[in-house]
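# What the coordinates show
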Amino acid sequence: MFTYTVSVTTGNQVFAGTLNYIYLTLVGKERSSDRTLLDKSWFERLERGTVVSIDIHVEETLGELLLVKLEKEKFLINDDWYCRSISVTAPTGDCFEFPCYRWIADQKELVLPEGRGRLPQDEKLSIVKECRHLELENRREKFRWNEWKSGFLMSIDANKSSELPLDVQFDTAKSVDFNLNAFKAVENLGLNKLESLFQSWKDFADFEKVFITIKNTESEYVMQNWTKDAVFGYQFLNGCNPVMIKKCTELPDKFAVTPEMVENSLDRGTTLQEELKAGNIYIADYEILEDVQPNDTDPSTQQYLAAPFCLFYKNGQNEFIPIAIQLSRQTTPGEKNTVFLPTDDEYDWLLAKMWVKSSDYNVHQLVTHLLRTHLISEVFTIAMFRQLSAVHPVYKLLIPHVRFTIAINTAARETLINEGGVFGKVDSTGGIGIEQVIRKGMQTLTYKSLCFPEAMKIRNVDNKEDLPNYYYRDDGMMVWEAVKSFVSDVVKIYYSSDETVQGDEEIQAFVQDVCSYGMKNCPNNGEFPNALKTREQLVEYLTIVIFTASAQHAAINFGQFDWYAWIPNTPSTMRKPPPIEKGKVDMKYIMESLPDRGRSSLHLGTIWILSQFQDNELFLGVYPDKYFTEEPAMEAIKNFRKKLVDVTKTIRSRNETLELPYWYLCPDRIPNSVAI
């Protein structure tokens, strides 16, 4: 008689335990065990957070353990069970790990392969190959591609959160209804008292009455300093949307700025042409908003959009300041485009900057945030589930970085960006504008633009000496290199050569699925690899997936309340058209341009929600679920954490010297995945 000791761990989520009968069968290379009931007694059922151990006795040893079969049978009611993992100690003393981390619902049988990471070409036994094949076949039935809106990136085929596969739904404790939560946040922040405070905006002091109860250190700094040109410029380096600026070597044809207009802003005694040549001029161009239809969902409130140019100058004090703004792009003969300057009347210049920030906000939400982190991460996530087996090392590498991504995007499609959603209520691109901007954003979505170092080079902002104090770039590069080093360590463990990459049918199917299906509506989908030929290419690809879901999303999401809470600094919409003449703007016009009370309060509630870390947030490199079971891979994770600690120390040391610390890319504040 031989004894196998089996330990089964149930998850700690709400409702993770089960009253149902769970049967287990061990499958070895030589033979299988009898089907065995896991529960010893009524009082020792599979409760939440417990470990149940049983001994399975066999007449002959089973040989090398290959699989564990789990079967669930109804008892009284059919309830779901979340199995974390199973470990088996053989009579020889050898321990076999079977990671699960899945819900078991109505499946009659769930088969778990032994947990070592293996490429498909490593499988030699037909029983294991078949198990792997059936697993992916089942996943492809659950994770189907769908085109939510014409011309968008593909998404999951589910109309509501309850239709999602159980394994990608939110935990019971975490559900997101943006409409409900935004209104709840409005109440929690005391903004429901807004209407009783005053009936209309009179001046900026009215905003302070709202703001005083909800401020934090960063947002208070914004409130006190937002009119300063240097603070305006700083936000394009280190605010919520630090991806718009690029070095300007030649002025766009539609930009009517002249050297004479800006000569008073150039402090080196040089001309505009000389500063362009020296590399001290930068530009933010919102061409993407040209001809986009402004929000017309509320017949009682006319809303407006602009597609501005904003010219920046890195001056002799290394300040990054705006020196010219153009809000229109008139091409009709006889009509001029007004260029606003720092030397103009105070209100003219202030409103021009507010218009730029409003445009920036809308591009940030729809392109930088929604399209280039949320939607692209969902594409990677769906392809991973469809094409990579749970024992594939790349699946094990990526799974922590796709946690709740499909769930949060589905919730967004239900209550945030849908018709009648929060975006439609508060943003000037609401309504049909959302679809127009996303489709335009697809034009610039390229593979290289998702590669952080390449993105810096494309905009010609990669040189620290040319453009100092760009902490988004500096910290992003440190995190990118740490992630890349980790990915490289893992790839080297499992791929001995470039030929191994080429021979991995699952990884090739993964990138093919992304390119041909997930990205099929992207005009530049041909720039996305449809095959990987080298380990170096694989490392870059996986680094993009992890960095986008973690660091890039953190950089452009969690500062929203800091920078957007003071509404005059970044209006979500404008109720007056952009000025076309100078000298016509007064405080009354500015107040009438800003969002009304209702939109302001809903906007504040929404950005407050989006800026919050979740309970039990898992930050970069924190992997409580043990998908990898081999020592070399676990050592790679330890080394990754050490590198992240070093990056954190560097950032903390730098921040001690700054008036306004930059934290958004500090590893201990970067969640693993897009989950809010």
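Parameters at a glance
Residues numbered from 1 in each chain as written. Predicted model: local features only at pLDDT ≥ 70, side-chain atom pairs only at ≥ 80, totals over all residues. Heavy atoms only, no water. UniProt positions renumbered as here; feature names shortened; annotations may be inferred. Helix = DSSP H or I, 4+ residues; strand = E, 2+ residues; numbered from the N terminus. Rg over C-alpha atoms; globule rule 2.2 N^0.38 Å. Buried < 20%, exposed > 50% of the residue type's maximum accessible area, 1.4 Å probe, protein only. Contact = heavy atoms within 4.5 Å. Areas by Shrake-Rupley, 256 points an atom, 1.4 Å probe, with all protein chains shown as cover. Lys, Arg positive; Asp, Glu negative; His and termini not counted. Charge placed at Lys NZ, Arg CZ, Asp CG, Glu CD. Core = buried A, V, L, I, M, F, W, Y, C linked by side-chain atoms within 4.5 Å. Domains from an automatic or database assignment. Pairing = 2+ DSSP bridges. Axes fitted to C-alpha atoms, helices over the stretch in contact; angles between N-to-C directions. Buried area = accessible area lost by both parts, 1.4 Å probe. Salt bridge = Lys/Arg side-chain N within 4 Å of Asp/Glu carboxyl O. Polar contact = N/O pair within 3.5 Å; in protein donor to acceptor, adjacent residues only side chain to side chain. Nonpolar A, V, L, I, M, F, W, Y, C, P; charged D, E, K, R; others polar. 1 Å grid on protein atoms, 1.4 Å probe; cavity = no way out; pocket = protein on both sides within 12 Å on 5 of 7 lines; lining within 4 Å. Points joined across faces, edges and corners; volume = space filled by probe spheres on them.

The name an unreviewed UniProt entry assigns to the protein chain is Arachidonate 5-lipoxygenase b, tandem duplicate 2, from the organism Danio rerio. The protein chain has a UniProt comment under Pathway (unreviewed entry) that states "Lipid metabolism."

## Points about the overall build of the protein chain
When its secondary structure is counted, the protein chain shows 22 helices and 15 strands. Relative to the globule expectation of 26 Å for 676 residues, the C-alpha radius of gyration of the protein chain, 28 Å, shows essentially globular dimensions. Judged by the C-alpha coordinates and their principal axes, the protein chain covers about 95 × 55 × 45 Å. Within the protein chain, the fraction of its 676 residues that count as buried is 59%. For the protein chain, contacts bridging at least 24 residues in sequence account for 76% of all contacts bridging at least 6. Accessible surface, the protein chain as shown: approximately 27,700 Å² in total, 48% of it carbon and sulfur. Of the charged side chains in the protein chain, 74 are positive and 95 negative, and the gap between their average positions amounts to 1 Å.

## Side note on the nonpolar core
By size, the foremost hydrophobic cluster in this structure holds 172 residues, and its most contacted members are F204 and F510. Two domains each provide a minimum of three residues to this core, namely domain 1 (2-115) and domain 2 (146-171 + 366-565 + 596-669). Apart from residues lying up to four places away in sequence, F204 is in contact with W226, L350, W566, P568, M587, I590, M591 and L594. Membership of the second largest hydrophobic core comes to 27 residues, among which are L24, C83, V88 and L112.

## Quick look at the sheet that holds strand β11 (residues 246-247)
Read from one edge of the open sheet, five strands run β11-β12-β13-β14-β15, paired in antiparallel fashion. A single partner strand is all that each edge strand has here, and the edge strands are β11 and β15 (339-340). Pairing between β11 and strand β12 (residues 281-285): two bridges, direction antiparallel. Bridge pairing links K247 to Y282 in β12. Running over the sheet, helix α6 (residues 229-238) touches β12, β13 (309-314) and β14 (320-326) and is turned about 95° from β14. Here helix α9 (residues 346-387) sits on the sheet and contacts β13, β14 and β15; the angle it forms with β14, its principal contact strand, is near 95°.

## Notes on unusual backbone geometry
The backbone phi angle of D291 is positive, close to 65°, even though this residue is not glycine. Along the polypeptide, D291 turns up in the loop between β12 and β13. The exposure class of D291 is exposed, given its relative accessible area of 73%.

## Some details on the domain arrangement of the protein chain
Each assigned domain of the protein chain is listed here: domain 1 (2-115) and domain 2 (146-171 + 366-565 + 596-669). Of note, the centres of domain 1 and domain 2, computed from C-alpha atoms alone, are 34 Å apart. With twelve residues of domain 1 in contact, the opposing surface of domain 2 contributes twelve residues. A per-residue breakdown of the area domain 1 buries against domain 2 is headed by Y101, W103 and G115, which together make up 45% of the total. Linking domain 1 with domain 2 are one salt bridge. A salt bridge links R84 to D625; its shortest N-O distance comes to 2.9 Å. At the boundary of domain 1 and domain 2, one finds four residue pairs in polar contact (both at pLDDT 80 or more). In terms of residue count, the dominant contributor to the side of domain 1 that touches domain 2 is strand β7 (residues 95-104) (five residues). Of the residues belonging to the side of domain 1 that touches domain 2, the class tally is five nonpolar, two polar and five charged.

## Observations regarding the layout of surface pockets
A volume near 950 Å³ is recorded for the second largest pocket. If you trace the second largest pocket, you find 33 residues lining it, with V243, M244, R372, T444 and R459 closest to the centre. The set of elements that each furnish at least two residues to the lining of the second largest pocket consists of β12, α9, α14 (452-458) and α18 (535-557). Ranked by the residues each element gives to the lining of the second largest pocket, the list is headed by α9, at five residues. Class assignment for the residues of the lining of the second largest pocket results in 16 nonpolar, eight polar and nine charged.

## Section: the pairing of strand β4 (residues 51-58)
Residues of β4 alternate between two faces, with V52, I54, I56 and V58 buried on one and V51, S53, D55 and H57 left unburied on the opposite face. Sheet topology note: the strand β1 (residues 2-10)/β4 ladder contains eight bridges and is antiparallel. Residue S7 lies in a different strand from β4, and its bridge partner there is S53.

## Quick look at the sheet that holds strand β3 (residues 36-37)
Either a parallel or an antiparallel arrangement is found when strands of a sheet pair, and the pairing is made through backbone hydrogen bonds. The four strands lie next to each other as β3-β2-β5-β8, forming an open sheet whose pairing is antiparallel. At either margin of the open sheet sits one strand with a lone partner, and together these are β3 and β8 (110-113). Strand direction decides the pairing type here: strand β2 (residues 21-28) and β3, joined by two bridges, are antiparallel. Bridge assignment links Y23 to a residue of β3, and that residue is L37.

## Quick look at the UniProt feature "binding site: Ca(2+) 1" (unreviewed entry) in the protein chain
Taken from the UniProt record, the annotation "binding site: Ca(2+) 1" (unreviewed entry) applies to G17, D79 and D80. Considering the arrangement of structural elements, one finds D79 in the loop between β5 (65-73) and β6 (81-89). Exposure remark for D79: the relative accessible area of 17% places this residue in the buried category. A distance of 2.9 Å separates a polar atom in the side chain of D79 from a polar atom in the side chain of N20.

## Observations regarding the pattern of salt bridges
Enumeration according to the criterion identifies 30 salt bridges in this entry. Between R654 and D475 there is a salt bridge, with the nearest N and O atoms lying 2.8 Å from each other. A residue pair is termed long-range when its members are at least 10 positions apart, and R654 in helix α22 (residues 631-655) and D475 in helix α15 (residues 471-494) qualify at 179 residues. Across the pair, exposure class does not vary: R654 and D475 are buried alike.

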